[in-house]
Every structure is written in C-alpha cells, then in structure tokens.
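Survey of secondary and tertiary structure
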Amino acid sequence: MKILKLALPALLLLTGCAKQEVDYAAFVNPFVGTGGHGHVYPGAVAPYPMIQASPDTRMYQWDACAGYHYSDTTINGFSHNHLSGTGCGDYGDILIMPMIGTPQKLDKEGEKSQEMPYCSTFSHEQEVAEPGYYSVMLEKHNILTELTATQRAAIYRFTFPDTDSATILLDMDYSLSVFGDQRNDVLDLQVVGDNAICGTKQTKGWAWEQAVNFYAETSQPFTYTIIKDTVTREGVEKPRLKALLNFKTQKDTPLYLKIALSFVDTEGAKKNLLAEIPDFDFDATYKATRKEWNRVLSRVEVETSNQTDKEIFYTAMYRTSLCPNMASDVDGRYLGMDHVTRTSERPMYTIFSLWDTFRAYHPMMTIIDPDRNADFVNTLVEKYKEGGLLPMWELASNYTGTMIGYNAVSVITDAYIKGCRDFDVEAAFEGCLKSSNGDTSNIIVPRAFIPYIQPVSKIYKDALGYVPCDKEGESVAKALEYAYDDWCISVFADALDKDEEAAEFAQKGKYYQNYFDASTKMMRGKDSKGEWRTPFNPYASKHRDDDYCEGIAWQWTWFVPHDVEGLVELMGGKEQFITQLDSLFFNPNGIQGEDVSADITGLIGLYAHGNEPSHHIAHLYNYVGEPQKTQAMLDSIIYSQYRLDPDGIAGNEDCGQMSAWYILNSMGIYQVAPGNPVFSIGRPIFDQATVSLPEDKTFIIKTINNSRANKYIKSMKLNGEELVSPFINYSDIMNGGTLEIEMTDNK
C-alpha cells in the first residue's frame, strides 16, 4: 500500500526546535484496519476524541460501521462522529461535502445504495492519513480537502479552483444507517451571521436517543440555501434538512471551515470551538495535535531493528487512543444517562465496548495511563448513579445492552485491586450487585431496554446454578461470563471486608463447573431438566442463535480465566488439559453450520484471534508447566494476525481491544484474569520496551538474544533476581525496574 506524504506537516515538527524529538506519529498507519472487517476510519482526530472528522465511502451493511472501506472509490463527504472497529453501526452525523455548483440530486437512489448523488471519486494515490491529519483530492471538481482536529473541534482547508460557485453542502439527515433502520427524530439548522451556522440532530439507531449539536464558522462569508422538507424513501416519509453554503474562491486562497460538537447544546459546541480552534490557523492546530499524539504514543518506547514491527506497534498504540471518546464540553457539561445536562470537574467519556475491552485494553491502561483509566472507571460509576445500572455497551449516553456478561464489574474490580480508589466505591459495589442480580428496579432511562439486560438468565443462574439452554439463547457463553464477573465481585467484596458477599459470589464464580461435560471435555448446554444439549456438535456455529456467543464450544470451553486450576481439574489433570489445548490450536476441522458467525475469524486451528473470547487462551500453557508452548503460540499469533495493510487486523478492531492485545503481548506480558493483578509472561518481540510510569518511574522489558528465530525463553530476571515461573505482579511493574528476558531457539 502506498502512502503519500505531504511535506508541510512533517516539516512542522522541526520548526523552531533546538533538539529534534522522536516523531512517534511517523510510525503510525491509520489505513491499517480500513479494509477487510477491521471497521476503522482513517480521518483526522486527536487522542480520545469527541469529534472524529473522517471521510465516508459507504453507509450500508456491516462493513460500513466506520463509514469508510479501503476497497471503495468514491467519497460521500466528511461526517464528524465515527465508531472505531465495532460490529454494529451508528453515527455519521453532520456531513459536509465541498463541490462546485448545485447538485441536481440530493438523495440516494434506494435505501441500500452506498453512494450519495453528490459523491466524488478519489484515488489512494492522492490520499494521506497521519495522526491528526487527513487529506484527499476530490476528483469530481478537483478540490483538495485537508482535515486536522483537536479533541472537540476540527478544521478543514479546502483548495478550490477559481470559481464563483464554490459550494459546501451540509447534510443533516445523512447517517451511517448500516442496516437501514436509523431514523432522524430532530433536525434543526440556524444560520447565525454571515459566516456561522449551527444545528441539532437527534437520531434513533443503535443508540436509542443519540443527540449531537454542532457550531461551525467559515473563513469567508457565505450565501446560503436551506432545504427543509420531507421525502418518501422505501414508502416511508422521512425528514430532510440540508444547507448549501456558497462562496467565491481563488485557486491560491484556501477556504477554511472549522466545526465543533457537543452532546449538550449548540452553545456548548460554540464554546468548544472557540476554546480549541479560536482562529483559522490550520497549521498551528495540526502542529499542536501532532505534539499531543507524540506525547500519548511515547508512553511506551520500543527499540527494534525491525521497522515493520515498530510500525505495527505504534499503529496499535494509536488505535487504543481513539476510544473511549470525550463526552464533556470544555465547561464540564455533559449529558447524563438520564439525558439530563450535568457538570463534572473530571472528564466524562462515552463508547464503552466492555465485552471486548475488559480483557486487554483496560488492563493495559492501568499500566500505561492509570490516571485516564481512573477517569474511565469514574465515568462508569457515575453512569450507574445517573441511569440505575452499570453500562452494557454504553453509546452516547445510551444503554444499548449489546453483548453479554456485565463486564463493567471486571473493569471496576481490576482498577480497585490495583490501587485505584478515586471514585464512589460504595456506589460502584452496589452497581456490581445489581448487575449480577438482574435488578432493574431503579433504572432511569428513556428507553425500555430491560430485555437486553437478560434478567431471565440471571434468575435461572441464581436458582439453578446454571442458565438452561431451552430458556435462554447463548446460555453457555452467558453463564461462563457470569461466573467470571461474579468472581470479580467476590474479589471486590473481599477487598471491602464484605465477608458475606465475598463468600456468596466466590461460590457463584464456581458455577462454570455446571456446564462441563466430562465425556466431551467441553462446556455444553444444559436444559431446565438438567439434561445435556442433544445432539451436540462442538464445531457448530449459528450466529447469536446457539448456546455460545460468536464462537463455538471449542473456543468457549476455555473461558474460566479466574480459575484455571479448577478447569485443569475438571479436564482430568495437566496432561489431559494440555492434550485438549493442543487439540484446539492444531485442530484440522473447520467450523460448521449454515449461519456461521462472521466474527469467528483469525483462525489458528480452532483458536479464533479475531474474536475476544479466545484472547487469553495461548497463555494457559503457562499454568500447566508448558511455557514454551505459550511462547510458540504467541509467536504464531503475533506474526500471522497483525500486518501493515488495510486488511491487517484479524477481525473488528473493537474499540482498541485487538490492538491492546498486540501491545501487551509484543512487549511480553498479558493479564489473563483482570481482577487478579498477575501478568503472564509470553514472547517479547522487541529488543527493549520502556514504559513510562507515574512519578517518573519506568519499567523496562529487555530482551537478550532477540530474533525472529529465538522465540523461546531461556531465563528471566526481575531487577537482577531470577524468576522461576512465567508470571509477574502488577506491583512489580508499577514500582519500576527491569525485566530481563534471555531468548533461545531451543525449547
């Protein structure tokens, strides 16, 4: 893949510098994951952005989740909120598109069309994406469009030809509908002066009530036309609202547009814009954002002679810094889960894909940015207090109830056990109990989403000790996650000296045992009469409509991260456990079924790296005295599942989880069971990785005799003391020091 580099942004970093600093951003390739099913966007953003200014090339079907796909050849425009690597779609609001003249048509032909009539062709040869910067030549009218952004605002630099009819189309009713079921409930536009416009939009989609407000200014006055009416699409009348902003332009005089968002109101968007981009200095904005990206990316410094490994690593660091998104304005106002405007002195965030990110993303953040992770935890707890329940896939102050388990419990418990106490602890624990018990009595939300919280399965869980497969879909996967989450609650309770709850939830953490079928050595569905699911095919998958969730029995059997020793015992001991684990990675049989889940990707045998339930499995060999097998499998995963091309991610990026897995494992560590502050040591690939810690401490992982061939560990020393087992405590990392690992090609 060719990436066109522009001279100006690169030079900005060197201007006025007495000493050249490391430009970590130069190692990032935002196009990685924009092909295949990575579902990421390449646009211009700052770290943890409220605004995601990015091109949209499609708006329908699964691979439109982020609005952009590398295989496309036309751009519909640039919208300002996007999801990163998700398996569901939403957003794509406040689209703008530069053009010349007035388009003859403004609406696409049919709901399933990927192209708006005002779209433009483009070429990847004339497209650039870097952290904080994106540019493309729109070929239809020969308009160079450049974007850069701060956390809450973005600025465009348009280079038009000489013309009296330069136009910026602002499309309010455009959205990334993905499955065609998103609707606009509120659309409003107001022109405020000769160079400013603002508006409000509220949609119903994946997020049931998703509000966004914007305020924008242009560097030149404009005349305008507002189109506000209804159109009939697919037999349904839908509101339409668009603005055509008209300018006179000269080829050598760029036209600038700056825009900011707010979840609260247009006044909040205006404050955000004036605070973060007070003028039209595109280059200064870009330079400041590039500097911020370098600060964030420098939290881990890796040393290697392998340029590809370095670029994959910092691209992964970049992806982990796109979510969660900032949700509070510069004045501290934000929209609560009850959709009441509130004010907080601490930053508030949105987009919590916790079913994915509890596994590696949040454990990673407890190391490389514990203060921000503390803000994430505080946000989750405040959302419980505002809405009555800890979030399940929170999106724009909405409970979507997507996926399974109640994984906020894991994130909160892990942070608390690691020393993070800067949140309302009693409210957090209360929220954990309600999540486990299916208590929906105090929910304060505008949408009756209660069925998604799965209270039925939780009642059966507590009454029977398992979830019957004839009463609840995905029963095995749900119950295994419930057991882990309940174990987390027992750990949290124990740390709070709540002995009764600690004992109760420790027992619930053992409920996974009720699913283990010794005859098959698999976790198997059990009906309300206590009978095993029959017939039983451990290779079978029917997407979201079987006993598992985006996986099969072979993959879900290993989800007992909190009690590996107990799982070993169920399997019949270490030898049987190892044999079964080998059979997973080297299984020649494929996944079977007419509706196999598209999320089961990145297969090595039947290990599926493209979906999260498998992410801890390679480390299980460490628990049974076979660390060389952990090292060999991690080597295989690292070098086969991550590549520097648009289809370089094995599955959906999932809001940073896929990248966080790579970051931790490429450094040589991974936390198998968040809530237990122990990291398993795997297969480091860098000569040295240096993590910047609070209080100016550093933790260094130094690899001796490092090479592609030397994938096995010969010896390990922590601060000069030999390690005899492949595990290290969180406190050892955060105290600072050096983990020295000597590698060999001899297993």
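Heads up: these notes are all about the structure in this document. (Residues numbered from 1 in each chain as written. Predicted model: local features only at pLDDT ≥ 70, side-chain atom pairs only at ≥ 80, totals over all residues. Heavy atoms only, no water.)

Let us look at unusual backbone geometry. Going from Cys323 to Pro324, the amide bond is cis rather than trans, its omega being -10°. For Pro324, the location among the structural elements is in the loop between α4 (307–319) and β18 (325–326). Along the chain, Thr534 connects to Pro535 via a cis peptide bond; the corresponding omega equals -5°. Relative to the helices and strands, Pro535 is located in the loop between β23 (522–523) and β24 (540–542). Even without being glycine, His39 reaches a positive phi, approximately 60°. Here His39 lies in the loop between α1 (7–12) and β1 (54–56). Residue His39 is classed as buried on the basis of its relative accessible area of 3%. In this model, Asp696 sits at a positive phi of 60°, which is unusual for a non-glycine residue. Relative to the helices and strands, Asp696 is located in the loop between β30 (688–692) and β31 (698–704). (Helix = DSSP H or I, 4+ residues; strand = E, 2+ residues; numbered from the N terminus. Buried < 20%, exposed > 50% of the residue type's maximum accessible area, 1.4 Å probe, protein only.)

This part covers the pairing of strand β8 (residues 143–149). Of all seven residues in β8, six are buried, a share of seventy percent or more. Pairing of strand β7 (residues 133–138) with β8 involves six bridges; the strand directions are antiparallel. Within the sheet, the bridge partner assigned to Met137 lies in β8 and is Leu144. Where β7 folds back onto β8 in an antiparallel hairpin, the turn is made up of four residues, including Asn142, whose phi is positive at roughly 60°. (Pairing = 2+ DSSP bridges.)

Turning next to empty space enclosed by the protein. One pass over the structure, following the stated rule, counts nine cavities of 30 Å³ or more. Considering only enclosed or pocket space, the largest cavity measures out at about 90 Å³ in volume. In terms of lining residues, the largest cavity is bounded by Val32, Ile312, Thr315, Ala316, Arg319, Tyr642, Arg643, Gly648, Ile649, Ser659 and Tyr662. Counting residues per element, the ones that place at least two in the lining of the largest cavity are α4 and α17 (657–667). (1 Å grid on protein atoms, 1.4 Å probe; cavity = no way out; pocket = protein on both sides within 12 Å on 5 of 7 lines; lining within 4 Å. Points joined across faces, edges and corners; volume = space filled by probe spheres on them.)

What follows deals with the environment of Gly648. Of note, Gly648 is situated in the loop between α16 (627–641) and α17. The class of Gly648 is buried, set by a relative accessible area of 2%. Spatially, the C-alpha atoms of Gly648 and Gly38 are 7.8 Å apart, while their sequence positions differ by 610 residues. Excluding anything up to four places from it in sequence, Gly648 contacts Val32, Gly33, Gln641, Tyr642 and Arg643. (Contact = heavy atoms within 4.5 Å.)

Right, let's get into the sheet that holds strand β34 (residues 727–729). In sheet architecture, strand pairing relies on hydrogen bonds along the backbone and comes in two forms, parallel and antiparallel. Read from one edge to the other, the open sheet built from three strands follows the order β28-β29-β34, with strand pairing classed as antiparallel. Each end of this open sheet is capped by a strand with a single partner; those strands are β28 (669–670) and β34. Pairing between strand β29 (residues 678–681) and β34: three bridges, direction antiparallel. Counterpart to Val678 in the pairing with β34 is Asn729.

By size, the foremost hydrophobic cluster in this structure holds 214 residues, and its most contacted members are Phe78, Phe214, Phe313, Ile367 and Phe577. No other element matches helix α11 (residues 475–495), which puts 13 residues into this core. For Phe313, the contacting residues outside a window of four places in its chain are Val300, Val302, Tyr662, Ile663, Ser666, Met667 and Phe686. Listed in part, the 14 residues of the second largest apolar core include Tyr133, Ala269, Leu273 and Ile277. (Core = buried A, V, L, I, M, F, W, Y, C linked by side-chain atoms within 4.5 Å.)

What follows covers the sheet that holds strand β6 (residues 127–130). Strand order across the open sheet formed by eight strands is β6-β7-β8-β9-β16-β13-β12-β11, with antiparallel pairing between neighbours. Strands with a single pairing partner mark the edges of an open sheet, and in this sheet they are β6 and β11 (183–191). Averaged over neighbouring strand pairs, the angle between their axes works out to 15° when direction is ignored. In this structure, β8 lies alongside strand β9 (residues 153–159), joined through six bridges in antiparallel fashion. Bridging across to β9, Thr148 finds its partner in Ile155. Docked against the sheet, helix α2 (residues 266–276) engages β9, β12 (196–204), β13 (210–218) and β16 (255–262), running at close to 45° with respect to β13. Across the sheet, helix α3 (residues 282–297) lies against β6, β7, β8, β9 and β16, angled at about 45° from β8, the strand it touches most. (Axes fitted to C-alpha atoms, helices over the stretch in contact; angles between N-to-C directions.)

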